[in-house]
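Chain by chain, the residues run as shown.
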Amino acid sequence: MHVKKIIFHPKVLPSVVICDPELTVGMPKIITIGTGMDAFAHCLEAFSSPHYHPMSQGIALEGMRLVKEYLPRAVADPGDLEARAHMMSAAMMGATGFQKGLGAIHALSHPIGAVYNTHHGMTNAVVMPACLELNRPAIEGVIGEAAEYLGIKGGFDGFFDYVLKLRSDLNVPDKLREMGVGDNRIAELTEMALNDPSCGGNPVELNAENVEALFRACI
Ligand SMILES: [Fe+2]
């Protein structure tokens, strides 16, 4: 069985990182979309995590703003270096921000990717609305504040509609079945998701019941 593991250790951190947006110009469109949505998922989940980390909170919020402003531009014009540079920053900010925690999006996405070999960021984008809905009671207020900063009207509902529109504008599949995920391994996926360390940062406590319901809603 394939399993995706998250490994953290100070010694695996790079001592030098080269972030040159020109290196991303030739990426296939689907990778530009998938990695961009992964950056957004990192920022969103870090921002929504209940753990205390004000620095990550700010970084994650600004990371979401950069994705909102520049991902559609980078997708529409792969040679837009300004958009590519900001997306590269957003990607780094997502990975910095998620020191505060990840959540259900990644807890679902890791086993789906391991079992069905789907693209990680694209998978996150597919499961994002259902995870937002599950977490709504815990994050309605903070997402409302984020929406205001992002120039989105309507609080949580406005943010939710923005995510749906971003997905459809970028041709992200609506359901996992469009990526080849069947509903015959939900019990196994649920067990794997509950063992994923990303669970710990989800604003609503994850259990077998709500995780299984999430898979059913997303497939
Ligand atoms: Fe990710």
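The structure reproduced in this document is the subject of the present report. Since the model is a prediction, treat every value here as computed from it, not as a measurement.

1. Structural notes on the overall build of the chain
No. 1: Of the regular secondary structure elements, the chain holds eight helices and zero strands.
No. 2: Each helix and strand of the chain, ordered N terminal to C terminal, gives the series α-α-α-α-α-α-α-α.
No. 3: Since a compact globule built from 219 residues should have a radius of gyration of about 17 Å, the 16 Å found for the chain is in line with a globular shape.
No. 4: Its C-alpha atoms give the chain principal-axis dimensions of about 45 × 40 × 35 Å.
No. 5: Intrachain contacts of the chain at a sequence separation of at least 6 include 77% that bridge at least 24 residues.

2. Section: the environment of Leu102
No. 1: Along the chain, Leu102 turns up in the loop between helix 3 (81–97) and helix 4 (104–116).
No. 2: In this structure Leu102 comes out as buried when scored by C-beta crowding, with 29 C-beta atoms within 10 Å.
No. 3: With 54 residues separating them in the primary sequence, Leu102 and Ser48 have C-alpha atoms 8.3 Å apart.
No. 4: The contacts of Leu102, once residues within four sequence positions are left out, are Glu45, Ser198 and Gly201.

3. Some points on the packing of helix 1 (residues 29–48) against helix 2 (residues 54–76)
No. 1: Between helix 1 and helix 2, the least distance of the axes is 8 Å, while the angle of their chain directions is 160 degrees. In terms of their interaxial angle, helix 1 and helix 2 are classed as roughly antiparallel. In this structure, the crossing between helix 1 and helix 2 has a hand that is left-handed. Across from Lys29, Thr32, Ile33, Gly36, Ala39, Phe40, Cys43, Leu44, Ala46 and Phe47 in helix 1, the residues of helix 2 making contact are Ser56, Gln57, Ala60, Leu61, Gly63, Met64, Val67, Leu71, Ala74 and Val75.
No. 2: For the contact of helix 1 with helix 2, the per-class residue count stands at 14 nonpolar, five polar and one charged.

4. Thoughts on the packing of helix 4 against helix 5 (residues 120–149)
Two measures define how a pair of helices packs: the angle their axes make with one another and the distance between the axes.
No. 1: The contact between helix 4 and helix 5 brings their axes to 8 Å, and the two run at 140 degrees. Relative to helix 5, helix 4 is oriented oblique. Two packed elements cross with a definite hand, and for helix 4 against helix 5 that hand is right-handed. Mapping the contact onto sequence places Ala104, Ile105, His106, Leu108, Ser109, Ile112 and Gly113 in helix 4 and His120, Thr123, Asn124, Val127, Met128, Cys131, Leu134 and Asn135 in helix 5.
No. 2: For the contact of helix 4 with helix 5, the residue count by class is eight nonpolar, seven polar and no charged.

5. Re helix 2
No. 1: Look at helix 2: 34 Å from first C-alpha to last across 23 residues, which is about the 33 Å you get at 1.5 Å a residue.
No. 2: Among all positions in helix 2, only Ser56, Ile59, Ala60, Leu61, Gly63, Met64, Leu66, Val67, Tyr70, Leu71 and Ala74 are buried.
No. 3: Buried positions along helix 2 lie against helix 1, helix 3 and helix 5.

6. Description of helix 1
No. 1: A rise of 1.5 Å per residue sets the reference length of helix 1, with its 20 residues, at 28 Å; its end C-alpha atoms lie 28 Å apart and thus fit the reference within 8%.
No. 2: Along helix 1, 17 of the 20 residues are buried, which leaves the element largely enclosed by surrounding structure.

7. A closer look at the nonpolar core
No. 1: Cys43, Met64, Val67, Met87 and Leu108 are the most contacted members of the largest nonpolar core, which has 61 residues in total.
No. 2: Breaking this core down by element, the ones donating at least two residues are helix 1, helix 2, helix 3, helix 4, helix 5, helix 6 (155–169), helix 7 (186–194) and helix 8 (208–218).
No. 3: The element contributing the most residues to this core is helix 5, with twelve residues.
No. 4: Every residue in contact with Cys43, bar those within four places of it in the chain, is listed here: Ala60, Gly63, Met64, Val67, Met93, Gly94 and Gly97.

8. Side note on the environment of Gly26
No. 1: The residue Gly26 is located in the segment before helix 1 in this model.
No. 2: A residue is classified by how many C-beta atoms lie within 10 Å of it, and Gly26, with 9 of them, is exposed.
No. 3: Between the C-alpha atom of Gly26 and that of Gly151, which follows or precedes it by 125 residues, the distance is 31 Å.

9. Thoughts on unusual backbone geometry
No. 1: Phi at Asn117 is positive, roughly 55 degrees, even though this residue is not glycine.
No. 2: Positive phi is not limited to glycine here, since Asn171 has a value of about 60 degrees.
No. 3: Looking at where Asn171 falls in the secondary structure, it is placed in the loop between helix 6 and helix 7.

10. Focus on the environment of Val126
No. 1: Examined against the element boundaries, Val126 turns out to sit in helix 5.
No. 2: The exposure class of Val126 is buried, given the 28 C-beta atoms found within 10 Å.
No. 3: Each C-alpha atom of the pair Val126 and Cys218 lies 7.2 Å from the other, and the pair is 92 residues apart in sequence.
No. 4: Beyond its immediate sequence surroundings of up to four residues, Val126 is in contact with Val172, Pro173, Lys175, Leu176, Met179 and Cys218.

Cut-offs used in this document
- Here the residue numbers are simple positions, counted from 1 along each chain's written sequence.
- The predicted origin of the model limits local features to residues at a pLDDT of at least 70 and limits the giving and counting of side-chain atom pairs to 80 or more, whereas totals for whole chains, interfaces and linings rest on all residues.
- Only DSSP runs of H or I reaching four residues or more are called helices, and only runs of E reaching two or more are called strands; each is numbered from the N terminus.
- Throughout, radius of gyration means the C-alpha value; the globule benchmark is 2.2 Å times the number of residues raised to the power 0.38.
- Note on contacts: each residue gets a C-beta atom placed from the backbone, and two residues are in contact if those atoms are within 7 Å.
- Remark: C-beta atoms are placed from the backbone, and a residue is labelled buried if 20 or more other C-beta atoms sit within 10 Å of its own, exposed if 12 or fewer do, or partly exposed between those counts.
- Simply put, an axis is a line fit to the C-alpha atoms, just over the touching stretch for a helix, and the angle between two N-to-C directions goes from 0 to 180 degrees.
- Here roughly perpendicular refers to angles of 65 to 115 degrees, roughly parallel to angles under 35, roughly antiparallel to angles over 145, and oblique to all remaining angles.
- By definition, any crossing whose near helix is turned counterclockwise from its far helix by less than a right angle is left-handed, and any crossing with a clockwise turn is right-handed.
- For this scheme, ten residues count as nonpolar: Ala, Val, Leu, Ile, Met, Phe, Trp, Tyr, Cys and Pro. Four count as charged, namely Asp, Glu, Lys and Arg, and the remainder, Gly too, count as polar.
- What a helix is expected to span follows from its residue count: subtract one and scale by 1.5 Å.
- To count as a nonpolar core, a set of buried Ala, Val, Leu, Ile, Met, Phe, Trp, Tyr and Cys residues must be joined through C-beta atoms within 7 Å.

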